[in-house]
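Read off the chains here:
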Protein chains: 4
Amino acid sequence: MSTDPRRQMFEPIEVALEELRERYLPDDRGEVADDIPELAKADPGHFGLSLVSVDGHRYRAGDTDVAFTMQSISKPFVYALALADHGLEAMLDRVGAEPSGEAYNAISLDPDTGRPDNPMINAGAIVSASLVAGAGAEERFERIRTTLSGFAGRDLALDDRVYRSEMATGDRNRALAYLMRSTGALGCPVDEAIEVYFRQCALSVTADDIATMGATLANNGENPVTGQRVIPEEVDEQVMAVMATCGMYDSSGEWLVRVGLPAKSGVAGGLMALSPAQFGIGLYSPPLDAKGNSVRAVEACRDLSADFSLHLLHRPARDTPVVSLRMPDNDEPAVLCLRGDVDFVGAEQALRSLDPVEAHWAEHPGPHELVLDLARVSSVEPVAAAMFEALAAGLAESGVRLSVADPRRRALLAELPEREAP
Amino acid sequence: MSTDPRRQMFEPIEVALEELRERYLPDDRGEVADDIPELAKADPGHFGLSLVSVDGHRYRAGDTDVAFTMQSISKPFVYALALADHGLEAMLDRVGAEPSGEAYNAISLDPDTGRPDNPMINAGAIVSASLVAGAGAEERFERIRTTLSGFAGRDLALDDRVYRSEMATGDRNRALAYLMRSTGALGCPVDEAIEVYFRQCALSVTADDIATMGATLANNGENPVTGQRVIPEEVDEQVMAVMATCGMYDSSGEWLVRVGLPAKSGVAGGLMALSPAQFGIGLYSPPLDAKGNSVRAVEACRDLSADFSLHLLHRPARDTPVVSLRMPDNDEPAVLCLRGDVDFVGAEQALRSLDPVEAHWAEHPGPHELVLDLARVSSVEPVAAAMFEALAAGLAESGVRLSVADPRRRALLAELPEREAP
Amino acid sequence: MSTDPRRQMFEPIEVALEELRERYLPDDRGEVADDIPELAKADPGHFGLSLVSVDGHRYRAGDTDVAFTMQSISKPFVYALALADHGLEAMLDRVGAEPSGEAYNAISLDPDTGRPDNPMINAGAIVSASLVAGAGAEERFERIRTTLSGFAGRDLALDDRVYRSEMATGDRNRALAYLMRSTGALGCPVDEAIEVYFRQCALSVTADDIATMGATLANNGENPVTGQRVIPEEVDEQVMAVMATCGMYDSSGEWLVRVGLPAKSGVAGGLMALSPAQFGIGLYSPPLDAKGNSVRAVEACRDLSADFSLHLLHRPARDTPVVSLRMPDNDEPAVLCLRGDVDFVGAEQALRSLDPVEAHWAEHPGPHELVLDLARVSSVEPVAAAMFEALAAGLAESGVRLSVADPRRRALLAELPEREAP
Amino acid sequence: MSTDPRRQMFEPIEVALEELRERYLPDDRGEVADDIPELAKADPGHFGLSLVSVDGHRYRAGDTDVAFTMQSISKPFVYALALADHGLEAMLDRVGAEPSGEAYNAISLDPDTGRPDNPMINAGAIVSASLVAGAGAEERFERIRTTLSGFAGRDLALDDRVYRSEMATGDRNRALAYLMRSTGALGCPVDEAIEVYFRQCALSVTADDIATMGATLANNGENPVTGQRVIPEEVDEQVMAVMATCGMYDSSGEWLVRVGLPAKSGVAGGLMALSPAQFGIGLYSPPLDAKGNSVRAVEACRDLSADFSLHLLHRPARDTPVVSLRMPDNDEPAVLCLRGDVDFVGAEQALRSLDPVEAHWAEHPGPHELVLDLARVSSVEPVAAAMFEALAAGLAESGVRLSVADPRRRALLAELPEREAP
């Protein structure tokens, strides 16, 4: 265990990853997957952890550059691409978003329509892949490969031996595809659907890659390393929501309670998790537990979430007043100044703080003026921006002149006159 | 529809609630529940919306003071109480946390142990209630009533007629209880378990009450109106996580994707939702859709989430530099100044920004000193506090003097010498 | 093993039963039921076999007079009573006749109506008992007790200790009853239904008793020992048909293939089986296999069926000509003489054999006469009787005089002139 | 409706078939199957009924020579062939014999082993076909075709257009095969299994053919028209037993209660039923009910069973004394004479009737002699033959001379001295 005080001090994340690696490397529980023969060749001693923050900085420990195949980790990304192609409503008609409480290869199809329960089980992933726009398997897979490369920030390639191995043994997935084909839930030929699906599963990545991919999801769909927007922000939220409820198969609910990070694991030993607006993390260790999740990766991810309080539902309250008001005085306009992150509560406090100004205006003749000073805010949440827009509209109607100091255009009040922060 | 510019401007939330009420009041789809005869007497025209922010401010529209019974809305709160009594691990042994993809009254018990899938279906709620500490039904219910009153901020009372009506017609719940009793999943006598459960369901509330209850969950378990801590913060997160995956029964997954607010509905027409660290909302309208959720409440909640971008996974990126550094100069110490909300990215940027300071110290003889100025931060997330603690420990070991300006003790570095912000 | 040649010779059935007892008494697999505490007191060494033929003769070996409770063996008999009260169509509306492929205590209710799959699982048995005509539990049970006593040929009594033990532990059955009550599948109060059901299960019998009960079923519903008609013939066939497909729970199909005898087992260790029109058999040995069937009873029943070729679908062909014809000659009428059992094939052969007579009549002036000689037939199957009635009607219309020698009125051609067998 | 008294009289079966045809031809409920496009071309007005007795006589009405494909009617025959190849135990390891209570195309596989529930659902039929001995699809199908031709008594041919149509649309069956392949339940390649299965389904038959096939099953596996033994007697019983519990899919139980004839229907409109030891019947009418059974065929089969009392469990009692005894007198031996069908009851009565003979022998010196006169019996059931063999062995050991008059060797006491019937 690292005891270098300088690293502890300045590189606490990297040190934490190293400690997790040292803690769980000796844990030799689990078995390397062997239902796909090629996967059985993986080295059970490999263990890598990679973390990429939403500002693009990377931390790592261990075997983060060992190649393995994505397998099910590909599912949220391909679903994202299909969502971007068709929109949520059209996709929900074809693939549900309900956790099934069942294993990854469960049949879990709607008894009437054959619609798979969600895109994180194999059945739903096969349909999702078939819905990616493109003429034929080749073009469709190339779009998938390109998009996933965008998430990873580098050109991903197929592991041909694993692909061939899956094609030779994937009878259950063929069964699911034929079942769905027979009900109309799968619209393209089975061979084509299966080929695309097995190819996406056989894309070769490293722990570093899936950390970047997770960071891209955490960063609203924009790759924080390359700066490329890979999917629209709206799609990104939908994908994270589905990962939150369905990402860990039949232990998704317990995972969200205990760990609280949207995540997706793959049978080759990879595990990708993310903390929205904070970072993505990629873990790799081949031995799997009975549910098909990497033993070491799961343990490390749990500890990391607990040690750093990363739970999705952990939202510490903010009680610092972020609002200050200068009352109008003679010719000086009223100034409403905010700082930090302006969310719902901040915006409502800001609006409430204007009560005495409103009273003052009522008693004094105009013209009235209000300066909204957002120069020092870190961010303005959309709910707050909407509230400020309502304020602006009301002031305009009342004949009050509003000027906004918002050099970084946080509040998106572009049509308003800009002025210097006082 | 309200067109008063003053209200639009200064009371956008209340106006939004009123608009939602006007938009959906004419929607006369759905049927008032009639399986419990007493519920059938509800007025289908009632529609109330109440919102309470985590700073305790309330907004409302319509029939927010009409009394109705909690029914299933009681489930997360009673589960919270049982969690507080036993801890997560012990509770997971008795009640799972997996969405079942099934209706509220589904059997959904583990085939081997009889353990119910989750505490939001009736079976899991009955077991949860039976696990609340207390000698006998009377004492157990009194603890439940007291705790739920704490969430609501006022003394809640039983609607005795509804309670008797449920007792007379609740055969399916008795069946679930006997099933679980036969496998050992339910440890107390069926009559006792059912009595407590039907009582909690028959607690009388208003839309205002359930808004406060939701706001208490959103505020980490502390009632923002009364200031009372009702449940521990840790329990609060666990409850919100279970609501996120299981709160809306067999449409929980789709609800999280579309609406993105942890929520719970009741068959009397209530719907409670919340946005963590922002607010709780209570809606009431008796006509139910086929899944047993209030038609108008669901529609209004969807729109509210969409209009105000409240989705749980919607986390806009913050790119404002929140860190500024003054290099050490002669006798002057280095000063690291942060503002706004300091999260993981903020803390890691802060630590990285110290690289030139470290280089400077390496070239200049000591003593060295660093001032960490947190006077203007709005909040410090636990992950960031942990990183600062690692920094402090490292500096101490290296002989660097650290002083922290943290007047509101955000970083919890209590043992460090305090000094004025420079 | 018995080697007395006289007994082997004249009492082969009794010897066979004794041999089966000796063969399987040492088999100490299985466990005495303990979910009902009182049952756990049974002596695992008891083993009795009793066989009653449809002419009322009894054969026995071992502990055939040890008392035990009927448990599920009561189900077909109570179902028979309810069928007699309501008829098949009305009963099928309330209790299905489909094997469920599930265990005896499975829920197996129709998802829409709550109708239990069949009357041999607990759910279906509870509904069947509730449908027995009678005002209240007391009267209903008394009718059940009386009818089952009719099957057994002696007055059956309740084992009060077992009844109380079941009442104290029967939570799963209460659960089933409440479930069905909640859907309307069960029409009477749960307490009443459960009381009647547990009482019928606690009726005390011996292996001798259940052998007589099985023989009564095998004898078309008429007790071959007492001569009492207990249920109508039609009901009897329906009950045997349901036993054939559903009697052995989730191994009913395999039982019918392997053993081929309609059967019903009880958790106290009893097993009743029957060979239609031949005999009933009662076995008793408390240790049960994993499916709840008596280990020794199942083995002995299999061997008995195999050794004596008793399989329901084993119907050896009969190729002996059973028809002889004397052509009309001068004043002598044509005589059609049959012997043995006249079934479909016999009747059709008889009719076909009349072709030359018909040709002869066509060529010779009448009056024509036919004598149908049934004096030596053992039985006339209904299908054959119907064919003879068609013959009689046709002859009458054609002016042919028919006389029947049928001293035992087998062909039920009562309206025809009787004459001496020629 | 036929009113010709001559036909009513001498041809009641043919008349009954004609009446059933007239009764149900106007019933235009149901839809011709269209999931296999080629089947949709069938003429909905076709309706044929054919009955073949176990002595090989045929009766018919309507369109009994219209060709249609066997579809699921092939299942019991292919299962019979696989049973003949492997024996019951080996087959039960691969395909269960439990009714599943589910539709014909249900998945119904054992959750652990993937073993299909029974051979009458598609999954079980596909495995059964794959187990027919033979190297490759071609040889395996040729054995199937030859055996089914043996059942039908003529060379059956493939309907190539239907076969191609099924191959083009049979995705659900491919799904089932891949599912079973993935668990090891299916041992041969999917394409091969599916090809054989679709071919057997596409064998072209007429109502006359399936009547003969049913009659062969009813006649213990020997074709009553051609005299060819097609399958062993033991296999024949096993197949009829499985048809009795599983033949009509999810209404098998109700069918056995109501109609009481082992039966199998096919989606092309065919229905085969049989009365063991009596006859087979083939019906054809394309319009199907919601469960996939021919509407007219089901109705006609129900009426036929009711009108002619053909229910499998309908076994009228035989009370005619079939035994007569002549006491030993001076030099004359004792003579035990039986007639009619000797079953269990007959044999036990015969043995009991010897009690006074035994007493007489005990009082009189030997040599003793017994003549067993079976010359006039129609049949001796195996159970009775076994009892006579025990008698013979006992007599031999006691020094009594036994001679048997059994010209047709019914009792199989071949080693005993034969003598003339007295």
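Residues numbered from 1 in each chain as written. Chains lettered and ligands numbered in written order. Predicted model: local features only at pLDDT ≥ 70, side-chain atom pairs only at ≥ 80, totals over all residues. Heavy atoms only, no water.

Q: Would you mind going over the overall build of chain A with me for this structure?
A: Helix and strand content of chain A: 16 helices and 12 strands. Principal axes of the C-alpha set define a box for chain A whose edges measure 85 × 60 × 35 Å. Within chain A, buried positions represent 63% of all 422 residues. Within chain A, contacts between residues separated by at least 24 positions form 66% of all contacts whose residues are at least 6 apart in sequence. Element-wise, carbon and sulfur atoms account for 47% of the exposed surface of chain A, whose accessible area totals about 14500 Å². (Helix = DSSP H or I, 4+ residues; strand = E, 2+ residues; numbered from the N terminus. Buried < 20%, exposed > 50% of the residue type's maximum accessible area, 1.4 Å probe, protein only. Contact = heavy atoms within 4.5 Å. Areas by Shrake-Rupley, 256 points an atom, 1.4 Å probe, with all protein chains shown as cover.)

Q: Could you clarify how one ought to interpret the relation of the copies chain A and chain D in this entry?
A: Between the two chain copies there is a screw-like relation: a rotation about an axis and a shift along it. Overlaying chain A with chain D gives an RMSD of 0.1 Å, the required rotation being 179 degrees about an axis along which the chain moves by 0.0 Å. Viewed as a symmetry operation, the transformation between the two copies matches a two-fold axis. The rotation axis passes nearest to the C-alpha of A175(A) in chain A, at a distance of 1.9 Å. Interface overlap between copies is the fraction of interface residues in one copy that are interface residues in the other; for chain A against chain D it reaches 100%, indicating a shared surface. (Least-squares fit on C-alpha atoms with pLDDT ≥ 70 in both.)

Q: Looking at this structure, how should I read the sheet that holds strand β8 (residues 279–284) of chain A?
A: Pairing between the strands of a sheet is mediated by backbone hydrogen bonds and can be parallel or antiparallel. Taken in spatial order, the 5 strands of this open sheet run β2-β1-β8-β7-β6 (chain A), and their pairing is antiparallel. A strand with exactly one partner marks an edge of an open sheet, and here the two such strands are β2 (58–62) and β6 (263–265) of chain A. For this sheet the average axis-to-axis angle between neighbouring strands, irrespective of direction, equals 10 degrees. With 6 bridges connecting them, strand β1 (residues 48–53) of chain A and β8(A) associate as antiparallel partners. The residue of β8(A) that forms the bridge with L51(A) is I281(A). Across the sheet, helix α14 (residues 344–353) of chain B lies against β1, β2 and β8 of chain A, angled at about 95 degrees from β1(A), the strand it touches most. (Pairing = 2+ DSSP bridges. Axes fitted to C-alpha atoms, helices over the stretch in contact; angles between N-to-C directions.)

Q: Hey, could you run me through the pattern of salt bridges in this one?
A: Pairing between side chains becomes possible if they bear opposite charge and their charged atoms approach one another. Enumeration over the complete set of coordinates arrives at 100 salt bridges over all chains. One salt-bridge network, held together by shared partners, links D27(A), R29(A) and E299(A). (Salt bridge = Lys/Arg side-chain N within 4 Å of Asp/Glu carboxyl O.)

Q: I tried to follow the pairing of strand β2 (residues 58–62) of chain B on my own but got confused; where do I start?
A: Here is the key point about a regular strand: its side chains alternate between the two faces of the sheet. Residues and elements named next belong to chain B. Here strand β1 (residues 48–53) runs beside β2; their pairing, made up of 5 bridges, is antiparallel. Paired with L49 across the strands is A61, a residue of β2. Here β1 folds back onto β2, and the loop between the two strands holds 4 residues, one of which, G56, carries a positive phi near 85 degrees.

Q: Where do I start with the environment of A215(B) in this structure?
A: Residue and element names in this part refer to chain B. Here A215 is to be found in helix α10 (residues 207–218). Residues A215 and I281 lie 66 residues apart in sequence; the distance between their C-alpha atoms is 7.1 Å. Residues contacting A215, with those up to four places away along its chain left out, are V52, S53, V54, P224, F279 and G280.

Q: Whenever I open this one, helix α7 (residues 160–169) of chain A confuses me. Can you help?
A: In an α-helix, one turn spans 3.6 residues, which is why side chains three or four residues apart end up on the same side. Residues and elements named next belong to chain A. Among all positions in α7, only V162, Y163, S165 and E166 are buried. Buried residues along α7 cover an arc of 165 degrees about the axis, so they all sit on one side. Of the residues in α7, the exposed ones pointing more than 90 degrees away from the buried face are R161, R164 and A168. Its side-chain oxygen at 3.2 Å from the backbone nitrogen of R161, D159 defines the N-terminal cap of α7. (Arc of directions from axis to C-beta. Polar contact = N/O pair within 3.5 Å; in protein donor to acceptor, adjacent residues only side chain to side chain.)

Q: Any chance you could explain the pairing of strand β11 (residues 369–380) of chain A here in plain terms?
A: Residue and element names in this part refer to chain A. The buried fraction of β11 amounts to 11 of the 12 residues, a majority that puts the element mostly inside the structure. With 5 bridges connecting them, β11 and strand β12 (residues 401–405) associate as parallel partners. When the sheet's bridge partners are listed, L372 is paired in β12 with V404. Regarding the hand of the β-α-β motif, the stretch spanning β11, helix α16 (residues 382–398) and β12 is right-handed. (Right-handed = clockwise from strand over helix to strand, strands pointing away.)

Q: Would you mind going over the packing of aromatic side chains with me for this structure?
A: Under the definition given, this model contains 18 aromatic pairs over all chains. Taking 4.2 Å as the distance between ring centres and 0 degrees as the angle between the ring planes, the aromatic pair formed by F68(B) and Y284(B) counts as stacked. Placement of the pair is F68(B) in strand β3 (residues 68–69) and Y284(B) in strand β8 (residues 279–284), with a sequence separation of 216 residues. Plain terms: the ring middles of Y197(B) and F198(B) are 5.9 Å apart, the flat faces sit at 40 degrees to each other, and that makes the pair tilted. For Y197(B), a relative accessible area of 2% translates into the label buried. Cation over ring: R199(A) sits above Y163(A), and NZ or CZ is 5.5 Å from the ring centre. (Phe/Tyr/Trp six-rings, centres within 6.5 Å; stacked < 30°, edge-to-face > 60°. Lys NZ or Arg CZ within 6 Å of the ring centre and 35° of its normal.)

Q: So what exactly am I meant to see when it comes to the arrangement of the chains here?
A: Spatially, chain A is disjoint from chain C: no contact exists, and the shortest C-alpha separation is 13 Å. Contact between chain B and chain D is absent, and the minimum C-alpha spacing across the pair is 13 Å.

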